[in-house]
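Commentary on secondary and tertiary structure
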Amino acid sequence: MRSLSISPGRSFLRVQAASARWIAGALVLTAAAWLAALAGLLTIANRIHDDVPVLLAVKLPLLQSRPELIFAGESRTVYQVDAGLAAQLIGKPWGAAVNIAYDAGEPLALLAAMHRQPDRFLRAHVVVSVAPFLFNEGVRSAAVYPQDVVARLGVAEQMRSFLPLRVGTLIRYIREAFAARLAADQRVAALGSQPATLGLKVIDRTQPDDRWPAEIGSHAHYADWDLSGPKTRFEIGALCDMVARTGRLTVVVPPWAPRYDRARDPSWREKDDQYAALVADAGRRCGFDVLNIQSIPGLEQGNYADEMHVNASGVPIYTRYIVSRLKR
């Protein structure tokens, strides 16, 4: 009976369509479940988050010496300021200057440390370095996005800001939130051992020539340039709040390697001037000093390990210059 026959081709197409619908449905349900789980983890991370990250907490025992000069900020202080030499230069004993900077260090975290140990900062001269990625909203990579800023966004804004391409930033935030809470509960900042060399770390190798950026205007720190987002609002606000909690506050805009010429890189010059002006305007408004350093006499290309950081030979040159520029 022809009317009851079923075409094998049509049957196969129906099976394919049904399979496609099931697969699509399963993917939708999986994505929904994954997003719900991520939102749950972010909610927990926001509740347990501590503004003092582990990388800063492990350096805070250095403050037990009640230093007069505290160097803080991001990696260009971590790897470039010899606090022992700085103490000698100001005629003070070992421990009178310390380096509590850490990689991708942000002002919000330093402000939290001041809230935690106010007596250690109130009479000290605090010198904090800042980098473009701390204020440029276009930089959303996991390695450098300020974790304390993420904590202030709320779950919905966190997911909207970083999904799907920057999910790694959220994963890092969750991981570090738990780590910071554990460090706070264990009182690492107060009871931990003191870092060697008063907090200085030295880069003992130089980057191969083929790894150096051709120019700085397109460097990742200046990507999708935007100084109008929450980073600027929160981090500049933190710098301003520090003024009343320190004996003196100096904010440093450090130089890049001398092989790069601002005059030949207008994109870099324009962006860098905007970021430096942002910090300088805040300094005039809030009452802190600003050192915008574009070059340092005697600091040559051979003293740099990469485009941003000096090697061991550059540390004393950089330290001596910074100390010479501080108003005391």
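Refer to the structure presented above.
All residue numbers refer to position in the chain's written sequence, counted from 1. Given that the model is predicted, a residue must reach a pLDDT of at least 70 before its local features are reported, and side-chain atom pairs must reach 80 or more before they are shown or counted; all residues, however, enter totals for whole chains, interfaces and linings. To get the side-chain values, take all heavy atoms of the structure and skip hydrogens and water.

1. Digging into the state of the cysteines
Threshold: Our working definition of a disulfide is a cysteine sulfur pair at a distance within 2.5 Å. Numbering of helices and strands runs from the N terminus; a helix is a DSSP stretch of H or I covering at least four residues, while a strand is a stretch of E covering at least two. Any residue under 20% of the maximum accessible area for its type is buried, any over 50% is exposed, and the rest in between are partly exposed; the area is computed with a 1.4 Å probe on protein chains only.
Under the definition given, this model contains 1 disulfide. Disulfide pairing is shown between Cys-240 and Cys-286; the S-S distance is 2.0 Å. One quick way to see it: the torsion about the S-S bond of Cys-240 and Cys-286 is about 70°, and its sign makes the bridge right-handed. Taken together, the positions of Cys-240 in helix α11 (residues 230-242) and Cys-286 in helix α12 (residues 266-286) put the pair 46 residues apart, joining distant regions of the chain. Here Cys-286 falls in the partly exposed class, since its relative accessible area comes to 23%.

2. Some thoughts on the packing of α11 against α12
When two helices pack together, their arrangement is given by the angle between the helix axes and by the axis-to-axis distance. Convention followed: Fitted lines through C-alpha atoms give the axes, limited to the stretch in contact for helices. The angle between two N-to-C directions lies from 0 to 180 degrees. Orientation labels follow simple angle bins: below 35 degrees gives roughly parallel, above 145 gives roughly antiparallel, 65 to 115 gives roughly perpendicular, and whatever is left gives oblique. Take the far helix as your reference; a near helix turned counterclockwise from it by less than a right angle gives a left-handed crossing, and one turned clockwise gives a right-handed crossing. For this analysis, residues touch if any pair of their heavy atoms sits within 4.5 Å. In this classification, Asp, Glu, Lys and Arg are treated as charged, Ala, Val, Leu, Ile, Met, Phe, Trp, Tyr, Cys and Pro as nonpolar, and every other residue, Gly included, as polar.
Between α11 and α12, the shortest axis-to-axis distance is 10 Å and the interhelical angle comes to 40°. Judged by the inter-axis angle, α11 sits oblique to α12. Seen from above, α11 lies across α12 with right-handed handedness. Counted together, Thr-232, Ile-236 and Cys-240 of α11 and Leu-278, Ala-282, Arg-285 and Cys-286 of α12 form the full contact between these two elements. For the contact of α11 with α12, the class distribution of residues is 5 nonpolar, 1 polar and 1 charged.

3. Let's talk about the pattern of salt bridges
For clarity, the threshold we go by: Throughout this description, the term salt bridge denotes a Lys or Arg side-chain nitrogen within 4 Å of a carboxyl oxygen of Asp or Glu.
The full count for this structure, using the stated rule, is 16 salt bridges. One salt bridge connects Arg-116 with Asp-50, and the closest N-O pair in it is separated by 3.2 Å. Placement of Arg-116 in helix α5 (residues 107-116) and of Asp-50 in the loop between α1 (8-48) and α2 (54-57) is noted, with a sequence separation of 66 residues between them. For Arg-116, a relative accessible area of 44% puts it in the partly exposed group. Assessed through its relative accessible area of 9%, Asp-50 is described here as buried. The shortest N-O distance in the salt bridge between Arg-76 and Glu-74 comes to 3.5 Å. Owing to a relative accessible area of 0%, Glu-74 belongs among the buried residues under this scheme. Residues joined in a network through salt bridges with shared partners are Asp-50, Arg-116, Arg-181 and Asp-185.

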